[in-house]
Every structure is written in structure tokens, then in C-alpha cells.
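Chain and residue survey
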Amino acid sequence: VISPELSSRPVNTPHGSHAAIAEISAGLLAPRAATSPKYLYDGLGSKLFEAICELPEYYPTRTEAAIFERHGAGIAHAVGTGATLIDLGAGNCAKAASLFPLLRPGQYVPVDISRDFLNEAVLRLRQRFPEIEMTALGLDFSSSFELPSSVRAERRVFFYPGSSIGNFAPHEAIAFLRRLRANEQGDGGLLIGVDLIKDGAVLDAAYDDAIGVTAAFNLNMLRHLNHLIGSDFEVSQWQHRAFFNAEESRVEMHLEAREALVVTWPEGERHHERRVERHFARGERIHTEDSYKYTRRGFIDLLQEAGFAATHNWTDDAEWFAVFHARA
Ligand code: AVJ
């Protein structure tokens, strides 16, 4: 299912790639420890995120689905049928699949860092839609990516739902969208879901739900890091924190040390026996995710900065979420 040139990328350790290990290690050693939110998504993390999308507090998934439901005809008219639909962060592919009857893509290209999870989803999807050519790509598209030649060049429409764009700071989002525009080659487009600024209490609850699914999702990153870099995080020593930071217009997620503690991991490939030590004071945090929120006007401006000209957008009655379509 995963194209061979991408599935055989070098992974030289039993755990993560060297680049990932170096990135994680540097982030943990920084004075304000931080990790990339992409490490939230191992197999269990992807399942916990699916569960988050079912929570009453987590409004983005269902609000976005309602927008697609209500404005489907207008959205399909803007996007056009027969496109090469490139689904960034496809996960279980459910969102794109619900649009297939409307958009009738010529080729479907789901891309996700959680490769095995994606593979399973695509196996099921092929049985439901045998008429659609599917090319699954198990890769991390956040830094840089080149689409293999198996992805059709004509009418590339990038589908980036769920406000995943919120994981980028605005200047990074502009750079990322510029790259998409370059890959899209002029005759395609971008269909993107964006979470809007709203009452802080609604945002706080969405990222700190009553039954603790988001807490489990955040804490699971520690297990994933232990697997990737051989660290010895003890999950019970950490606590989930999430809150809306209005000045920065973002929800922040952190893991907070419940007590003074030490985490260690192997120094590098040549020094398996030497371990790096990172001391955390009680209350000290690891910043694990930012989720930026926009106004509709603010996101149109951002799309224009990224070089997109014609844009349409659709929203729900409460204006909690918006879907944008943009062309070069
Ligand atoms: C997948 C990045 C859109 O920011 O809302 C959900 C991830 N984090 N709950 C988001 C997430 C905590 C989600 N994105």
C-alpha cells in the first residue's frame, strides 16, 4: 500500500531515525522543554485522537462535518470533480471518504506519519470505493516532502481538514502553505478546515475533557518517546495541562512534572552506555502542542500571504469553525 521509495526510508536504530532522536533530545534539553506534536501519533495516539473526536467537548470534528454536510454542493462546485485529492494527515481517512460521493476524486492520496494505522484504513477504504485509485504515503509532511511520480500531477487538491494547520505558528503556516501551492502547480487548489477564536472556556474544555481522553492522548507521548529514544519517562510522574493563551491566540498543551524527577536516555549511537540526564523541577513543563485559532479575516489574510488569491469560506451558525477553499 505504501509506495516503496517512501517505506524504505533509512531507520538506523531499532527505535526512531537519527534525525528524530536528535530533534527530540534537543527539545527535551532546552531550558523550556518542548516536543513536536507529531510524536503524539503512534498507533495508540492515533486511536486516542479518534476517541477525542467523539467527545462532547471536542467540537471541531463534528462542527466541520456539519459544514461539509450543509454546504457540500457549494464546496464541490468550488473544488470540482475528478481531482487528485491529497489528504494531509489522513489518519483513518473518514473525513475524505465522506466527501468522495460529492468530490468524486480521480485519485486519492492519503498521507500520514502513522503508517501502519493508515495502511489498515486504506485496506478497508479500497473495498468500499474500488473505482478510486488510491496511493497511500506513510511519511511526515511537516518538514518537507516531495510527492512520488505515482501521484498524478494534474488538478492536485490538497485536503487539510480538522484545523491541523493550527499546529503551525502563523509564520510557519504561511511557509507550509507556500510549499503546497508550489506542489499544486497552479491548476489545483486547497480545501482546509480552520478552528476559529471563541470563548476561552469552550476552548479549555475541548482540550481538557471531563473523562480524561485528551490527558491520556498527551501522556501517551511519553510512552512513545520512551520507545523512540529509549528514555525512561514514568507516566505517573506527569500531569496533563491545557489552556487557551489569548495573547498568542492558541491552545497550549503541556506535560507538567508532579514532583522533582530525572529522565535519562542513551547519549547517541556510539555511546550506548552513556545516558543523558534531564532534571525537571516539580511543576516544570514540557510544551507538547500548540493549536492556533484564527478569525475568518485573519485566515484569508494568511492565505493571501501564502500566495493564494481566490478564496471562499463556509462556516457554522455559531462561527466556531470555518472551511476555506483557495486557488493559486
Ligand atoms: C489534530 C492538531 C487539529 O489541535 O485540535 C486535539 C490535536 N490536541 N486535542 C487540535 C488535538 C488535543 C488537534 N489537531
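Parameters at a glance
- Residues numbered from 1 in each chain as written.
- Predicted model: local features only at pLDDT ≥ 70, side-chain atom pairs only at ≥ 80, totals over all residues.
- Helix = DSSP H or I, 4+ residues; strand = E, 2+ residues; numbered from the N terminus.
- Rg over C-alpha atoms; globule rule 2.2 N^0.38 Å.
- Buried ≥ 20, exposed ≤ 12 C-beta atoms within 10 Å, placed from the backbone.
- Contact = placed C-beta atoms within 7 Å.
- Core = buried A, V, L, I, M, F, W, Y, C linked by C-beta atoms within 7 Å.
- Pairing = 2+ DSSP bridges.
- Axes fitted to C-alpha atoms, helices over the stretch in contact; angles between N-to-C directions.
- Near = placed C-beta within 6 Å.
- Nonpolar A, V, L, I, M, F, W, Y, C, P; charged D, E, K, R; others polar.
- Parallel < 35°, antiparallel > 145°, perpendicular 65-115°, else oblique.
- Left-handed = near helix turned anticlockwise from the far one by under 90°.

- Per an unreviewed UniProt entry, the recorded name for the chain is Dimethylhistidine N-methyltransferase, and the organism is Pseudoduganella namucuonensis.

1. Examining the overall build of the chain
- Looking only at helices and strands, the chain features ten helices and twelve strands.
- Taken over C-alpha atoms, the radius of gyration comes to 20 Å for the chain, in line with the 20 Å a tight globule of 328 residues would show.
- Its C-alpha atoms give the chain principal-axis dimensions of roughly 55 × 45 × 35 Å.
- Counting across all 328 residues of the chain, residues that qualify as buried make up 38%.
- A separation threshold of at least 6 residues defines the contact pool for the chain, and within that pool the share at least 24 residues apart is 69%.

2. Focus: the nonpolar core
- By size, the foremost hydrophobic cluster in this structure holds 58 residues, and its most contacted members are L85 and F159.
- Residue contacts for F159: discarding those within four places in its chain leaves L85, I86, D87, L88, A96 and L191.
- Counting 20 residues, the second-largest nonpolar core is a separate cluster that includes L48, F49, I229 and F233.

3. Looking at the sheet that holds strand β12 (residues 321-326)
- On the basis of which strands lie adjacent, the open sheet formed by seven strands has the order β3-β2-β1-β4-β5-β12-β11 and mixed pairing. What marks the edges here is a single partner per strand, and that holds for β3 (133-134) and β11 (311-315).
- By the bridge criterion, six bridges tie strand β5 (residues 189-195) to β12 in an arrangement that is antiparallel. Across the sheet, the residue bridging to L191 is H325, located in β12.
- In the packing of helix α5 (residues 94-103) onto the sheet, contacts are made with β1 (84-88), β2 (107-111) and β4 (156-160), and the angle to β1 comes to roughly 160°.

4. Concerning the sheet that holds strand β6 (residues 238-245)
- Sheet architecture is open: three strands sit in the order β6-β7-β10, paired in antiparallel fashion. Looking at strand neighbours, the two that pair on one side only are β6 and β10 (285-292), the edges of this open sheet. This sheet shows a mean twist of 20° between the axes of neighbouring strands, independent of strand direction.
- Across eight bridges, β6 lies against strand β7 (residues 250-257) in antiparallel orientation. What sits directly across from N245, in β7, is R250.
- Each of β6, β7 and β10 is contacted by helix α9 (residues 213-229), which is oriented at about 120° to β6, the strand it contacts most.

5. Some points on the site of the ligand
- Around the ligand lies a shell formed by I52, P60, G162, S163, S164, G166, N167, Y207, T214, M253, E289 and S291.
- Of the residues assigned to the shell around the ligand, the class counts are four nonpolar, seven polar and one charged.

6. What to know about the packing of helix α4 (residues 59-79) against α5
- The geometry of α4 relative to α5 is characterised by a closest axis approach of 10 Å and an angle of 55° between their N-to-C directions. Classified by the angle between their axes, α4 and α5 sit oblique to one another. Of the two elements, α4 crosses α5, and the hand of that crossing is right-handed. When α4 is examined against α5, the residues F68, G72, A76 and V79 are found in contact with a partner set consisting of L99, L102 and L103.
- Its residues assigned to classes, the contact of α4 with α5 comprises six nonpolar, one polar and no charged.

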